[in-house]
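Here is how the chains run, residue by residue.
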Amino acid sequence: MFDKFNEECGIVGIYGNPEASNLAYLGLHALQHRGQESAGIASADGRSIYLEKGMGLVVDIFSEGTIKKLPGKIAIGHNRYSTTGESHLKNAQPCTVEYSRGPLALAHNGNLVNISFLRSELEAYGSIFSSTMDSEVIVHLIAQSKEFKLKDQLSEALHRVQGAYSLLIMSEKEMIAVRDPRGIRPLSLGKLKDSYVVVSESCAMDLIEAEYIRDLKPGEMMVFDQSGVNSYFPFPAQKEAACIFEFIYFSRPDSSIFGDRNVHEVRKEFGRILAQESPVEADLVIPVPDSGISAAMGYSEASKTPFEMGLIRNHYIGRTFIEPQASIRHFGVKLKLNAMKNVLEGKRVVVVDDSIVRGTTSRKIIKMIRASGAKEVHMRVSAPPTMNPCFYGIDTPTRKELIAATHTVDEICSYITADSLAYISIEGLKKPFQEGGRDHFCDACFSGDYPIKFPKMDMRQLSLFGE
Ligand code: AMP
């Protein structure tokens, strides 16, 4: 069994602020939705690197005391998601090492696709790994480089890896931020007085009152050091392939990502398009909270059907999707959501959610809605059928667990016991972005069109395909 790592992470970097670790902590708090398994912060004061990390939520890991142990004006932080793979502190980030040129810390969001291959090669030449993380491979490649400057060592290392990465690297006195040449994962730059802020999503800047400047461009490497901020493009240009699932589900609605598009607005637009593509006579539109709220608002607006809260969410439990055992997942939906009898009784209801992965959640929800007296339940999904696993940093199950990979829409409709089921089309999904005339998204989870081919040798990717 091969593990999947670095999935669905959030990263934050602060350069040139006396409260760097405190601000990194707040940034991680705002990015908690991107990873709840572990979190860590590494800081630098010009002489050394300091590290604090732990398992669990940001608020539980850090206290005033731990933040005090992180001095210096530079800090990078990382939130990691829980996956079905190993869940160990050794896999929590940032990962730190001492190499010939001094200390180094690294925080990575994304997934590399040629990692098994590179790792075996490095091990054959004597490298010893202390974790099972993709990111450690980058660190070993940096350590092997004959280049003198960290930015050149990093660029040499990254020329060898393939995949998705939004990355923060810190030495004892400089910070480097870099996005992969296809720009798969988001990364934005902001300013807070005289200091710089680099974060996965803009919602982290709002919390610390930093001013958004711009997104890092695909393939851009930004170096923050005593001479200021310098930008480089060390890789050959590639076709952009921003992850469209960030808009569908993963990013926070109050964030603006991939060129300053607000996520809530885009989701609302998905809902309007879905209503035009798949209308249905109904009395109410209800979202699956929280992931379906924005799209349900759009669906309600375009279909002129009243929006209602037919399901109420308990916010004090983690996401059910991450629980590894089916039995817990079934129970989890009930723990998380409750149906409102007074809203639903005798009504024809459209239920809007952002995606169906295994189908377990929708089936449970529809059962609850019917038990509350709804007359008809129509399911509308603001993503196309999820048919393929993601290799670039979204936690998806293997292909055979993806209900849409093995079942038709009609079959899924009867499995989830809906009166009708419709998904947004892939063309519909692209409509909100057509103004600029560019098609710059990775939609491999729906289309199977993977922008980065992985080496056939790489067993970890094959295991996701169920081969
Ligand atoms: P499922 O029961 O597997 O069909 O799960 C569908 C639910 O999981 C939907 O409500 C989605 O909002 C949510 N979801 C979809 N993708 C992910 C993901 N990568 N991580 C966590 N939750 C997800």
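**Student:** Sorry, what's going on with the layout of surface pockets here?
**Tutor:** Where empty space is left in the structure can be found by rolling a water-sized probe over the atoms. Taken as a whole, the second largest pocket spans an internal volume of roughly 450 Å³. Lining the second largest pocket are 17 residues, with Lys149, Leu150, Lys173, Glu174 and Asp225 positioned closest to its centre. The set of elements that each furnish at least two residues to the lining of the second largest pocket consists of helix H6 (150-160), strand E12 (221-225) and strand E13 (228-232). By residue number, the principal contributor to the lining of the second largest pocket is H6, which donates 3 residues.

**Student:** So what exactly am I meant to see when it comes to the site of the ligand here?
**Tutor:** Taken together, 17 residues lie near the ligand, and Asp353, Asp354, Arg358, Gly359 and Thr361 sit nearest. For the ligand, an oxygen atom lies 2.8 Å from a polar atom in the backbone of Val357. Contact between the ligand and Arg358: an oxygen atom at 2.7 Å from a main-chain N or O atom of the residue. Relative to its unbound accessible area of 500 Å², the ligand is 96% covered by the protein chains.

**Student:** Looking at this model, I keep getting lost on the packing of aromatic side chains. Mind explaining?
**Tutor:** Any two aromatic rings considered together are summarised by their centre-to-centre distance and by the angle between their planes. Inspection of every chain in the model, using the stated rule, returns 14 aromatic pairs. Ring centres 6.0 Å apart and planes at 65° place the aromatic pair Phe247 and Phe258 in the edge-to-face group. In this pair, Phe247 is assigned in helix H8 (residues 245-250) and Phe258 in the loop between strand E15 (256-257) and strand E16 (261-262), connecting sequence segments 11 residues apart. Each of the two residues, Phe247 as well as Phe258, counts as buried. Here Phe258 falls in the buried class, since its relative accessible area comes to 7%.

Here is what the cut-offs are and how they apply
Residues numbered from 1 in each chain as written. Predicted model: local features only at pLDDT ≥ 70, side-chain atom pairs only at ≥ 80, totals over all residues. Heavy atoms only, no water. 1 Å grid on protein atoms, 1.4 Å probe; cavity = no way out; pocket = protein on both sides within 12 Å on 5 of 7 lines; lining within 4 Å. Points joined across faces, edges and corners; volume = space filled by probe spheres on them. Helix = DSSP H or I, 4+ residues; strand = E, 2+ residues; numbered from the N terminus. Near = heavy atom within 4 Å. Polar contact = N/O pair within 3.5 Å; in protein donor to acceptor, adjacent residues only side chain to side chain. Areas by Shrake-Rupley, 256 points an atom, 1.4 Å probe, with all protein chains shown as cover. Phe/Tyr/Trp six-rings, centres within 6.5 Å; stacked < 30°, edge-to-face > 60°. Buried < 20%, exposed > 50% of the residue type's maximum accessible area, 1.4 Å probe, protein only.

Taken by themselves, the reported measurements are silent on function.
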